[in-house]
Structure formats: C-alpha cells, structure tokens
Amino acid sequence: MTHPGSGARTGGIWILGATGRIGRAAAARLAARGADLVLVGRNGESLRKVAADAGCPEAGTLVTDSVEQMAAEITRRRPAVVVNTIGGYAGTATLLARACMPGGHYADLAADLSAVPRLLALHQEAADAGSTLVTGAGFGVLATEALVVTLCEGRPTPETVRVDALASVATEAGTTGTAFAATIVDVITSGGRRYRNGRLVKTRLGADVRSHTLPDGQTAKSAGAPSAELLAAQSASGAPNVTVTSGLAPTSPLVRAVLPLFAALLSVPPMRRLAVRQMARAPIKAAPRPRTHSWGHAVVTWPDGDQREAWLRADDGMDYTADIITETAVRLADGRAPHGAFTPAAAFGPGLATATGGAFIMN
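Residues numbered from 1 in each chain as written. Predicted model: local features only at pLDDT ≥ 70, side-chain atom pairs only at ≥ 80, totals over all residues. Heavy atoms only, no water.

J.: Provide a residue-level description of the environment of T203, including the pertinent values.
T.: When you line up the elements, T203 lands in strand β10 (residues 199-203). Expressed as a C-alpha distance, the spacing of T203 and A80, which sit 123 residues apart in the sequence, is 41 Å. Discounting residues that sit within four places of it in the chain, T203 has contacts with G191, G192, R193 and R194. Of note is the side chain of T203, whose polar atom sits 3.5 Å from the backbone nitrogen of R193. (Helix = DSSP H or I, 4+ residues; strand = E, 2+ residues; numbered from the N terminus. Contact = heavy atoms within 4.5 Å. Polar contact = N/O pair within 3.5 Å; in protein donor to acceptor, adjacent residues only side chain to side chain.)

J.: Explain the packing of aromatic side chains residue by residue, including any values.
T.: A complete count under the given rule lists 2 aromatic pairs for this structure. Ring plane angle 65° and centroid distance 6.3 Å describe the contact between F139 and Y320, whose orientation is recorded as edge-to-face. With a gap of 181 residues between them, F139 in helix α7 (residues 139-152) and Y320 in helix α12 (residues 317-333) connect regions that are remote in the sequence. Classification of F139 as buried rests on a relative accessible area of 7%. When its relative accessible area of 3% is taken as the criterion, Y320 is described as buried. (Phe/Tyr/Trp six-rings, centres within 6.5 Å; stacked < 30°, edge-to-face > 60°. Buried < 20%, exposed > 50% of the residue type's maximum accessible area, 1.4 Å probe, protein only.)

J.: Tell me about the nonpolar core, residues and numbers included.
T.: Ranked by size, the top nonpolar core spans 91 residues in total, and within it L37, L39, Y106 and L133 carry the most contacts. With residues up to four places along the chain from it excluded, the contact list for L39 reads I15, A18, A27, L47, V50, A51, G60, T61 and L62. V185, L205, A275 and A280 belong to the second-largest nonpolar core, a separate cluster that totals 14 residues. (Core = buried A, V, L, I, M, F, W, Y, C linked by side-chain atoms within 4.5 Å.)

So this is what it looks like as structure tokens:
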C-alpha cells in the first residue's frame, strides 16, 4: 500500500529510508540545494516531520510496506535518482537499482563484501540502459579509495596496498535496529578478508591490529574486517596484495579470542535470528564522537621498495557520509557521471572526497 504525499511525480530525487539518521541528514542537505525530493519510508507522519524539519514541507512522501513495493513504485514513477539508505544492501541494492533502469540513477551506502560486488556486477547492464549506479557512497569507501587513486596516479602497479578507515562518530540515543544488528552478525560470521597474490582470501576477523598516531596527534586502533574498502582499494590500484583495517573492528585480545566461538554459534540459523532480534533492541546512549576527526589512511608500496603514504581528514564520519551521498545524488541528477556501476571515486574521481569536506594530507 502506498500513499503519495503530494501526488505522483516524475523525476526528482527519492530518499529511501528517509527517517533514518543519514536519510534525515541527506534530506536537509538536498532541500538546501533546491532538490525536488520524495521521501520514502514506512510511516507517513514521520516522513512529513522529516520534510518539515528539512525545510521542505512540500516534499513528496511515499509510504511503502516492502522493498518490492518501493521497486514497483520506482519503475512506475521514474525518479531521476534513487538514494538507498535503508540498509540490508545485499538484499535490496540489486532489486532497487534495476528498478531505476533505463535512464534512472541509483546510489547507496553499502560497505560490505556481499552487496558491493553484486551491484558492480551490473556495470554493463547499467551502461546499456543509460543509468549510473554508485555503491559505497559513504565515509569508509571514499576516504580510502580516494587516497589510493591519488597515490597511484601516473605510477606503475604497486605490490602492496594497506588502507585504514578510522571513523569518529557521535552516537544518537536509540536502539541498534535490525539492519545494523544483522550487519554486525554477518561480519562476525563471515570473518576477515584480504587480497594475497591477486586472490581474495579469508583471514580472522580482528587480524592485523594496528595502533595509529594520527596527523593531529590523537591516537586510534584498528583491525581487519571484511569491508568494501578492500575491493575499492584493489580495483583502484591493481595491487595483488591488499589489506584493510577498520576502527570499528574488535581490537581487544579477549574479544578477538572468543570471536571464532561466536561465529560458530551465530552460523546456526536459529541462533542468528535470535541474536539479531536481541541486538536490535539493545539501547544506545547518546555520546560525543571519540576523536576530533575521522581519518582515511593509505600506504602504497611498489616492487622497487618505493612507498607513499597519505591521510584524508574529515569531521564526524556520519556527517561526512551524509555530505557524500548528497553530493553524489546531485551529480547524478545533473548527469555528471559515466553510465555503468561504480564505487564513488571511480565514478567521480578522488576530488569527490574534498568536494564533500575532506582534506588530503600527503606524507
């Protein structure tokens, strides 16, 4: 069942999951830039509040009961750009992206090694349809991918690449939510990944623990995780050996020691469902971000031993993600991208990272 809040529209930018943190922030930013918006979600009253808070009470609203209904409405009403912030991208991205074709464009925040390769596999289909699909349009993928592209520009293929995504995020009071809980469980059960001799191989989640002294003098820890930053860095560099660490991965020796046991338990479907339900209800307290800045980091090494390093500085990681998805949507609406399926720097170049408020620090 759908309810268009201001009548059927053609064109414009649709935000799916508009009542979530990134959806609300993107709505406000896009409204400030004069975008023609349709806000999509499950609760009409909440959507209208988002529109009013964003300063665009005239924005359209669309209430849907399922992703399948979202896809059907996209196919019927032909928005120019669809921004997917609803999560669960491994199960939603391909369906919604295909609904945008032909001619419509799509962007999401996927950052996992299940959803991102599936969307990138639609490259030729999207190119033939005159559509652009951008996946991973958030802090981690762009902040690291842009550094690798910049460091490798005009250079031969490197031997090794390491990237680190060190987000600093202020948390809002609320609950974990089903989508985020499912993501956490999937990360635990899938374990870590890295490229070794050109092959994607499995490693332990939490491997490669690193302590970082950041360019501003603060410190952070990170560890290996199965994230799409790995895929973006390998594609941008062509390096046969690539590792990625995340500030969100567990670094405690005790937690890392028990992770294999948790992974085995959560691999049992009833246990997985129970864990997701319990975790989704877990309360989250409001807290300031732990460090002044979020940081992307890359170290690139060539076969002759030459090595280059760079950092990308941003503010709150969630705010930076909202800026990235906003700028991506605007550029897609303006037709400023090649047709096909891409990660953000592959679509728009590394300058997207600075156009959205990031700053490069080259060592």
